[in-house]
Amino acid sequence: MRQGRFLKYILSLALITPFAYQAQSQNVNAASAFAGKEDTYYKLCSSKKLSKSKQQTCQEFNTYLKGRSKDLKSQIASTKKSVQSTKSSITTMQKKITSLNSQINTTKKRIAYVKVSIANTEKALNKKESTLKNRIYAAQATTNSNSYVSYLFGADSFSDFFSRVSTVGDITSYENDLMDQINKTKANLKTQKQTLTATQANLTSARRQSKVILSQYNEKLKEQEATLRKSTGDLGNNEESIQQIAKNLADMKEAERKAAVAAAKIAAQKKALAEAKAKAEAEAREKARIAAQRQAAAEAAAKKAQEEAEEKRRAAEEASAAKKAAAEAAAKKAQAEAAAKKKAAQQAASAAQNASASSNASSNTQGNDDDNSSSSNSASTSNSSASSANSSASDDNDSSSTNAAASSNSSSNSSNSSSDDTSSKSQSSSSSSSDDSSSAKVTNASVSGDDIALKALSKRGAPYVWGASGPSTFDCSGLVWWAHAQCGINFGRTDTRGLSSMGSAVSYGNLQPGDVLIFSSNGSYSGIHHTGIYIGNGMMVHAPHSGATVSVVTVSSGYYRNQFYTARRLY
C-alpha cells in the first residue's frame with residue numbers, strides 16, 4: 001500500500017517538475033525584468049488606461065509581486081526563528097551574567113573573609129614572631145653570643161629572618177616548629193588570596209565578556225527586529241499592491257466588457273440607423289422617381305401643348321398666307337380689270353379722236369374754234385373716263401391690300417396668343433418641377449444627432465494631438481467640431497469653453513446621441529477642461545489626452561459623471 005502511494009508520488013513529481021521548472025524560469029525572468037524597478041511598474045499599473053500589451057506586463061508584474069510575497073513570508077518566518085533564537089540566547093546570557101554576579105559576590109565575600117583571616121593571622125604571626133624573638137634573646141642571654149643575634153636581626157624582612165633562623169643549628173625544635181607553622185600559614189593565606197583574586201578576576205572577565213556578548217545579542221536582536229518590521233511592512237505593501245493591481249486589471253476588463261457591450265449596442269444602433277438611412281434614401285429615391293415622372297409628364301404635356309401651339313401657328317400662318325394670296329389675287333384681278341377698263345377708255349378716246357378727225361376733214365370751212373372745243377371736250381371726256389377707271393382700280397388694290405394685311409395681322413396675333421399659352425404652360429411645368437427638386441434637397445440635407453455620433457465614432461483609434469481637428473488626429477474640441485462639420489453644421493473652430501455657450505442647453509436626463517458634453521473640475525465656467533459627444537446608453541466618444549486615442553467611455557458614473565458641467569445641442 002505504501003509502495004503504491006510512493007510510486008504515485010514519484011509520478012506526480014515527474015509530471016510537475018517540468019512545469020515547475022518552466023514557472024521558476026519565468027519567475028527568474030520576471031524577477032530580472034522587474035527587480036529594482038518596482039516603483040516604475042507600480043506607477044504604470046496604477047493607470048486606469050492601459051493597452052493590451054501593458055495589461056499583460058502588469059499581469060506579469062503582479063505574478064512577480066506574488067513570488068516576492070512568498071519570498072518575504074519565508075524571510076519573515078526565518079527572521080522570526082532567528083529572533084526567537086537570539087532572545088533565547090539573550091535569556092541564557094542574562095542568566096549566566098546573573099550567575100557570574102552571584103559567584104563574584106560570593107568570591108568577594110570569601111576574599112573579604114580571607115583578608116580578615118590574613119589580618120588575624122598576621123596578628124597571630126606577630127605574636128609568634130615576638131615570642132620567637134624573645135626566645136632568641138633568651139638564647140642570646142644564655143650563649144652571650146652577640147654575633148648570633150646580630151646575624152639574625154640583620155635580616156631585611158621576616159622571610160629573610162626566618163631563613164637565617166633556619167640556618168642556625170642550635171635552635172630548638174620548638175622554634176623550628178614555630179617557624180614552620182608561621183611559614184605554612186603565610187603560604188596558605190597567600191595561595192588562598194591569590195586563588196580568590198584570580199577567581200574574582202576570571203569571574204569579572206567572564207562577566208565582562210558575557211556583557212559584551214549580551215550587548216552583541218541585543219544589537220543583533222534590534223537588527224533582526226528591524227529586518228522583521230521592514231519585511232512585514234514590505235509584505236503588507238506588496239500584498240496591497242497585488243490587490244490594487246488585480247483590482248485595476250479587473251476594472252479594466254470590466255470596462256472593456258462594458259465597452260464591448262456598448263460597442264455591440266452602438267453597432268446595432270448603427271445598423272438600425274443605416275437601415276433607417278437606407279429606407280429614407282429609398283423613400284427619397286422613390287419620391288425623386290415620382291417627381292421625375294411628374295416632371296417628365298409635365299414636360300411631355302408642355303411639349304404636346306407646344307407642338308399643338310406650333311401646329312395652330314402653322315395653320316394660322318397657312319390661313320394667313322392663303323388670305324394674303326387671295327387678297328393678292330383679288331388685287332391682281334382688280335388691277336387687270338382696271339387695266340382693261342383703262343384700255344377700253346383709251347380705245348374709246350382713240351375712236352373718238354378718229355371720229356373727230358373725220359368730221360374735220362369733211363367740213364373744212366366750219367369754225368376751227370368750235371371744232372377744237374368739241375375735240376377738246378371729247379378728249380377731256382375720254383381722259384376723265386380713263387382717270388375714273390384708274391381710280392377705281394387703285395381703290396380696289398388698296399382695299400385688297402388692306403384686307404390681306406388685316407388678315408395677316410389677325411393670323412400673327414392668333415399665333416402669338418397660342419405661343420404665349422404654350423410658354424405659360426411650360427413655365428408652370430418648370431415651376432412645378434423646381435418645387436419638387438427643392439423638396440428633395442431639404443430631405444437629403446436633414447441632420448440628426450445619430451449622424452453626428454456616427455461620424456465621431458468613425459474616428460475611434462485616431463491619435464490625440466493638441467489643437468488638431470482632423471481628419472486623422474484630434475483634440476477633444478477638434479473631434480466635436482469635425483463631427484458636426486461632416487454633417488454640414490459648421491459653427492467655426494473653437495475651444496471647449498466656446499462650445500459651452502453654443503446651441504441650446506440640455507439637461508443630463510434628456511441627453512440624446514449627438515449632444516455635446518462639457519466637463520468642469522470645479523463645477524463652474526472657470527474649471528471647464530474637456531468635451532465629448534454623447535452616443536447613448538450612458539456612453540460618450542471623445543479624444544482623451546496626449547498619448548491616448550479616440551475612444552468610448554461611460555459617463556453615467558465615476559469620474560466623468562462627477563465632472564459633468566453642461567450639455568449643448570448644436571444641430
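All figures in this text were calculated on a predicted structure; none of them were measured in a lab.

### Thoughts on the overall build of the protein chain
Okay, so step 1: Regarding its fold elements, the protein chain presents 11 helices and 6 strands.
Okay, so step 2: For the protein chain, contacts bridging at least 24 residues in sequence account for 66% of all contacts bridging at least 6.

### Thoughts on the state of the cysteines
Formally, a disulfide is one covalent bond, and it connects the sulfur atom of one cysteine to the sulfur atom of another.
Okay, so step 1: Evaluated as defined, the whole model comprises 1 disulfide.
Okay, so step 2: Residue Cys45 pairs covalently with Cys58 via a disulfide, S to S 2.2 Å. Since a negative S-S torsion denotes a left-handed disulfide, the Cys45-Cys58 link at about -100° is left-handed. Placement of the pair is Cys45 in helix H2 (residues 38–45) and Cys58 in helix H3 (residues 52–143), with a sequence separation of 13 residues.

### A closer look at unusual backbone geometry
Okay, so step 1: The amide bond that connects Gly470 to the next residue, Pro471, takes the cis arrangement and shows omega of 0°.
Okay, so step 2: Among the secondary structure elements, Pro471 is positioned in the loop between helix H8 (449–457) and helix H9 (476–486).
Okay, so step 3: A positive phi angle, near 60°, is found at Asn537, a position not held by glycine.
Okay, so step 4: Its place among the elements puts Asn537 in the loop between strand E3 (528–536) and strand E4 (539–542).
Okay, so step 5: On the basis of relative accessibility, which here comes to 45%, the residue Asn537 falls in the partly exposed class.

### Some words on the nonpolar core
Okay, so step 1: Core analysis: the biggest nonpolar cluster contains 28 residues, and Phe474, Ile533, Ile535, Val541 and Val550 have the highest contact counts within it.
Okay, so step 2: Broken down by secondary-structure element, the contributors of at least two residues to this core are helix H6 (173–362), H8, H9, strand E2 (516–520), E3 and E4.
Okay, so step 3: Here this core gets 5 residues from one element, more than from any other, and that element is H9.
Okay, so step 4: Excluding its chain neighbours within four sequence positions, the residues that come into contact with Ile533 are Ile452, Ala453, Ala456, Leu479, Val480, Ala483, Gly514, Asp515, Met540 and Val541.
Okay, so step 5: Membership of the second largest hydrophobic core comes to 12 residues, among which are Phe34, Tyr41, Phe61 and Leu65.

### Description of the pairing of E3
Okay, so step 1: Of all 9 residues that make up E3, 8 are buried, and the element is covered over most of its length.
Okay, so step 2: In terms of strand pairing, E2 meets E3 through 5 bridges, oriented antiparallel. Across the sheet, Ser520 pairs through a bridge with Ile528, a residue of E3.
Okay, so step 3: As paired strands, E3 and E4 are joined by 3 bridges and run antiparallel to one another. Pairing of Gly536 across the sheet is with Met539, part of E4.
Okay, so step 4: In sequence, E3 turns back onto E4 through a hairpin of 2 residues, with Asn537 there showing a positive phi of about 60°.

### Some words on the environment of Asn202
Okay, so step 1: With respect to the element layout, Asn202 can be found in helix H6.
Okay, so step 2: Along the backbone, Asn202 and Ile104 are 98 residues apart, and their C-alpha atoms lie at a distance of 9.2 Å.

### Side note on H2
Okay, so step 1: Along H2, the residues classified as buried are Glu38, Tyr41 and Cys45. All buried residues of H2 lie within an arc of 70° about the axis, which places them on one face of the element. Away from its buried face by more than 90 degrees, H2 exposes Asp39, Thr40 and Lys43.

### Some details on the packing of aromatic side chains
Okay, so step 1: Within this structure, the stated rule accounts for 11 aromatic pairs.
Okay, so step 2: Consider the rings of Tyr42 and Phe61, whose centres lie 5.5 Å apart with planes at 70°: the pair is edge-to-face. Of this pair, Tyr42 sits in helix H2 while Phe61 sits in helix H3, and the two are 19 residues apart along the sequence.
Okay, so step 3: The side chain of Arg497 reaches across the aromatic face of Tyr525, ending 5.4 Å from its centre.
Okay, so step 4: If you follow Arg561 out to its NZ or CZ, it ends over the ring of Tyr508, 3.8 Å from the centre.

### Focus on the pairing of strand E6 (residues 564–569)
Okay, so step 1: Examined bridge by bridge, strand E1 (residues 504–506) and E6 share 3 bridges and lie antiparallel to one another. By the bridge assignment, Val506 is partnered in E6 with Ala567.

### Considering the sheet that holds strand E5 (residues 551–554)
Okay, so step 1: A sheet is described by the order of its strands in space; here 6 strands give the open sequence E1-E6-E2-E3-E4-E5, paired in antiparallel fashion. Only two strands of the sheet have a single neighbouring strand rather than two, namely E1 and E5. In this sheet, neighbouring strand axes are inclined to one another by 40° on average, regardless of whether the strands run parallel or antiparallel.
Okay, so step 2: In the packing of H8 onto the sheet, contacts are made with E3, E4 and E5, and the angle to E3 comes to roughly 110°.
Okay, so step 3: Against the sheet, H9 makes contact with E2, E3 and E4, and its axis sits at roughly 40° relative to E3, the strand it touches most.

### A few points about the confidence of the model for the protein chain
In low-pLDDT segments, the atomic positions of the prediction should not be examined closely.
Okay, so step 1: Chain-level statistics for the protein chain give a pLDDT mean of 76 and a share of 69% at 70 or above.
Okay, so step 2: The lowest-confidence element of the protein chain is helix H7 (residues 368–444), averaging 36 in pLDDT; the highest-confidence one is E2, averaging 97.
Okay, so step 3: Throughout residues 359–445 the model reports pLDDT below 50, and contacts reaching past four residues in sequence, or to other chains, amount to 48 contacts.

### Describing the pattern of salt bridges
Note that side chains of opposite charge can pair when their charged atoms are close.
Okay, so step 1: Per the counting criterion, the structure on display carries 7 salt bridges.
Okay, so step 2: As a salt-bridge pair, Asp251 and Lys247 come within 3.1 Å of each other at their nearest N and O atoms. Of this pair, Asp251 and Lys247 both sit in helix H6, 4 residues apart, roughly one helical turn.
Okay, so step 3: In this structure, Asp515 and Arg569 form a salt bridge, with 2.8 Å as the shortest nitrogen-oxygen distance. Here Asp515 is found in the loop between E1 and E2, whereas its partner Arg569 is found in strand E6, with 54 residues between them in sequence.
Okay, so step 4: A relative accessible area of 0% places Asp515 in the buried class.

### A look at the packing of H8 against H9
Okay, so step 1: Direction vectors running N to C along H8 and H9 enclose 125°, while the axes themselves pass 8 Å from each other. Taken as axis vectors, H8 and H9 run oblique relative to one another. In this structure, the crossing between H8 and H9 has a hand that is right-handed. Residues Ile452, Lys455 and Ala456 of H8 form the contact with H9, whose participating residues are Leu479, Trp482, Ala483, His484 and Gln486.
Okay, so step 2: Here the residues of the contact of H8 with H9 sort into 5 nonpolar, 2 polar and 1 charged.

Rules used in this analysis
- Residues numbered from 1 in each chain as written.
- Predicted model: local features only at pLDDT ≥ 70, side-chain atom pairs only at ≥ 80, totals over all residues.
- Heavy atoms only, no water.
- Helix = DSSP H or I, 4+ residues; strand = E, 2+ residues; numbered from the N terminus.
- Contact = heavy atoms within 4.5 Å.
- Disulfide = S-S within 2.5 Å.
- Buried < 20%, exposed > 50% of the residue type's maximum accessible area, 1.4 Å probe, protein only.
- Core = buried A, V, L, I, M, F, W, Y, C linked by side-chain atoms within 4.5 Å.
- Pairing = 2+ DSSP bridges.
- Arc of directions from axis to C-beta.
- Phe/Tyr/Trp six-rings, centres within 6.5 Å; stacked < 30°, edge-to-face > 60°.
- Lys NZ or Arg CZ within 6 Å of the ring centre and 35° of its normal.
- Axes fitted to C-alpha atoms, helices over the stretch in contact; angles between N-to-C directions.
- pLDDT = per-residue confidence, 0-100.
- Salt bridge = Lys/Arg side-chain N within 4 Å of Asp/Glu carboxyl O.
- Parallel < 35°, antiparallel > 145°, perpendicular 65-115°, else oblique.
- Left-handed = near helix turned anticlockwise from the far one by under 90°.
- Nonpolar A, V, L, I, M, F, W, Y, C, P; charged D, E, K, R; others polar.

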